[in-house]
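# A structural walkthrough
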Amino acid sequence: MNFDFTPVFENYETLLTGAGYTILIAVLSGILSLVGGLAVALTTLYGNKAFSYPLRFFIWLFMGTPLLLQLYLLFFGLGQIGILIPAMLTGILGLGIHYMAYNADIFRATIESIEKGQNEAARSLGFGRMQTLWFFIVPQAVNRALPQLGNNMIIMLKDTSVLSVIGVAELVLNAQFEIANTFRPFEFYISVAVIYYILNLIMETSLNRFEKKLEGRR
Amino acid sequence: MDSNSKDDHANTGLMLDIINVKKAFGELKVLKGIDLQVQRGQIVSIIGSSGSGKSTLLRSINHLETIDDGEIWLDGVRVNQPGMKGLAFENHINSVRQNMGMVFQQFNLFPHLSTMDNVRLAPMKLKGIGKSEATEFCMELLEKVGLEAKADTYPSHLSGGQKQRVAIARALAMQPKVMLFDEATSALDPELVEEVNLVMKQLASEHMTMLIVTHEMNFASEVSDHVLFMDQGVVCEQGPPEQLFSNPKEERTREFLKKHLQQQ
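Values in this document were obtained by computation on a predicted structure and should not be read as measured data.

## Focus on the overall build of chain A
- Each helix and strand counted, chain A has nine helices and zero strands in total.
- The secondary structure elements of chain A, listed N-terminal to C-terminal, are α-α-α-α-α-α-α-α-α.
- C-alpha extents for chain A along the principal axes are approximately 70 × 45 × 25 Å.
- Within chain A, the fraction of its 218 residues that count as buried is 43%.
- Of the accessible surface of chain A, which amounts to about 11500 Å², a share of 68% is contributed by carbon and sulfur atoms.
- With 14 positive and 14 negative side-chain charges, chain A shows a spacing of 17 Å between the two charge centroids.

Given below as structure tokens:
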């Protein structure tokens, strides 16, 4: 066995570009999954049944099937009937919507966990229904949801690698591209693993700091 | 809506007028026709055992419970509007509630907001008062309840008594016409009760109109102009505290007082 990381160092730019796209995808999908998840949770809890029932079905559908299959359906399935979405956009949407379903479930649970007295206190001051949600219920629910949301976002960051199957040039696909040139899979995959690990470490530390800051405000 | 009776009520001079209010939870009749008049600046206490309906009555006044029948008037404005639905009622009740301060047994402070924000958010968002002005007069309110030093503290770092004093300041920040206290000291450790009672006594001395649901007979007799004894959903007996506490007419009142004065 002889490890040689020279090809990795020589082609580090491809990996960095891939890592950059991985971060970009994670950030955009993350925003989509969080904002959308909150919107879905609020609609299923308080919205018109005409919207809330289809949304519940949507959550059940996306939580019950594999991400990989969802991406295939979005990219190749829709492509077959003439709806062509660029791979990168498909990936961001697919990943975002998949985790939107999980986040919606978390938001729903934490919104429901806020004590009835909070609502009564806000309403008794004269706040309307929407204002009560916006100023009091949602901020507290988000605070409570943070640890679980953080976990989801860490899993999602790793799941960006699945996007390589539909040809999104993120970290794994770029590594595979260089492996094809250099025949050094072990070295490249180990390097990729290290990059993922570092990205997650950064994310975890900042999440922990954020949560510390919110301690005592729940 | 009958606008005539509205005009009538503008002339009664009553701060609160509660007429034949009925409320049932399913089969259980909690309020069986309650009448209660509160004058401007009057302090009325409601006593009675658990389940007598006194908390439900207080919550009904603020429309946290929807009554089945009867009328509730606040300073000439009808609180419950059986004919009003949807958004119109929502707007109506929001503006009515701004005139009533409610203090809860469990404090219900907003844990994600600092003490100052707990107090100042409502006047800022609902009355459109600017931040600096709101901060100034909310600081005065915190001084009044003795907690100006805790303005930047979050509720989880406050004692029960401090929490309830902040909750009182929060209710006062909307400059309500009447304050409703729903067993404000029942959840407190005995040694913390007095600091909340002192704040309430101070409010009483400033002629705030107050409706107080309480288990504390001594406090009720000390602070009130008028006391109601409720039993099984009706007002069993009412009168000035001297009379009701020392010379009750009804047998049920005597029994209740005997039991409670023994406990204290």
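## Digging into unusual backbone geometry
All names here are of chain B.
- Residue Phe107 is not a glycine yet carries a positive backbone phi of 65°.
- Assignment of secondary structure puts Phe107 in the loop between strand 6 (100-103) and helix 4 (115-127).
- On the basis of relative accessible area, Phe107 is assigned to the buried category, the value being 11%.
- With a phi close to 50°, Gln232 is a non-glycine residue in the positive phi region.
- Position of Gln232 among the secondary structure elements: in the loop between strand 9 (226-231) and strand 10 (234-239).
- According to the relative accessible area criterion, Gln232 is exposed, its value standing at 52%.

## Looking at the confidence of the model for chain B
Residue and element names in this part refer to chain B.
- Counting all residues, the mean pLDDT for chain B is 92, and 94% of those residues have values of 70 or more.
- Throughout residues 1-7 the model reports pLDDT below 50, and contacts reaching past four residues in sequence, or to other chains, amount to five contacts.
- The ipTM for the predicted assembly is 0.91, set against a pTM of 0.88.

## Topic: the interface of chain A and chain B
- Counting residues at the interface gives 22 residues for chain A, matched by 26 residues for chain B.
- Taken together, both faces of the contact between chain A and chain B bury some 2100 Å²; the carbon and sulfur share is 59%.
- Inspection of the region where chain A meets chain B yields three salt bridges.
- A salt bridge links Arg123(A) to Glu90(B); its shortest N-O distance comes to 3.3 Å.
- Inspection of the chain A/chain B interface yields seven residue pairs in polar contact (both at pLDDT 80 or more).
- Those elements that place two or more of their residues in the side of chain A that touches chain B are helix 6 (116-125) and helix 7 (129-159) of chain A.
- For the side of chain A that touches chain B, the element with the highest residue contribution is helix 6 of chain A, accounting for nine residues.
- Class assignment of the residues belonging to the side of chain A that touches chain B gives a composition of seven nonpolar, nine polar and six charged.

## Some words on the sheet that holds strand 10 of chain B
Residue and element names in this part refer to chain B.
- Strand order across the open sheet formed by six strands is 6-7-8-3-9-10, with mixed pairing between neighbours. Edge positions in the open sheet fall to strand 6 and strand 10, since each of these has one partner strand only. The average undirected angle you get between the axes of adjacent strands in this sheet is 15°.
- Pairing between strand 6 and strand 7 (residues 178-182): four bridges, direction parallel. Its bridge partner lying in strand 7, Gly101 is registered against Met179.
- Sitting on the sheet, helix 6 (residues 160-172) is in contact with strand 6 and strand 7, with an inclination near 170° to strand 6.

## Quick notes on the sheet that holds strand 5 (residues 77-78) of chain B
Residues and elements named next belong to chain B.
- Spatially, the four strands line up as an open sheet ordered 2-1-4-5, and their pairing is antiparallel. Either end of the sheet is taken by a strand with one partner, and the two such strands are strand 2 (28-39) and strand 5.
- The sheet contact formed by strand 1 (residues 14-25) and strand 2 spans nine bridges and is antiparallel. If you follow Asp17 over to strand 2, its bridge partner there is Gln37.
- Sheet contacts for helix 2 (residues 54-61): strand 1, strand 2 and strand 4 (69-74); angle to strand 2, the most-contacted strand, approximately 65°.

Conventions used here
- Residues numbered from 1 in each chain as written.
- Chains lettered and ligands numbered in written order.
- Predicted model: local features only at pLDDT ≥ 70, side-chain atom pairs only at ≥ 80, totals over all residues.
- Heavy atoms only, no water.
- Helix = DSSP H or I, 4+ residues; strand = E, 2+ residues; numbered from the N terminus.
- Buried < 20%, exposed > 50% of the residue type's maximum accessible area, 1.4 Å probe, protein only.
- Areas by Shrake-Rupley, 256 points an atom, 1.4 Å probe, with all protein chains shown as cover.
- Lys, Arg positive; Asp, Glu negative; His and termini not counted.
- Charge placed at Lys NZ, Arg CZ, Asp CG, Glu CD.
- pLDDT = per-residue confidence, 0-100.
- Contact = heavy atoms within 4.5 Å.
- Buried area = accessible area lost by both parts, 1.4 Å probe.
- Salt bridge = Lys/Arg side-chain N within 4 Å of Asp/Glu carboxyl O.
- Polar contact = N/O pair within 3.5 Å; in protein donor to acceptor, adjacent residues only side chain to side chain.
- Nonpolar A, V, L, I, M, F, W, Y, C, P; charged D, E, K, R; others polar.
- Pairing = 2+ DSSP bridges.
- Axes fitted to C-alpha atoms, helices over the stretch in contact; angles between N-to-C directions.

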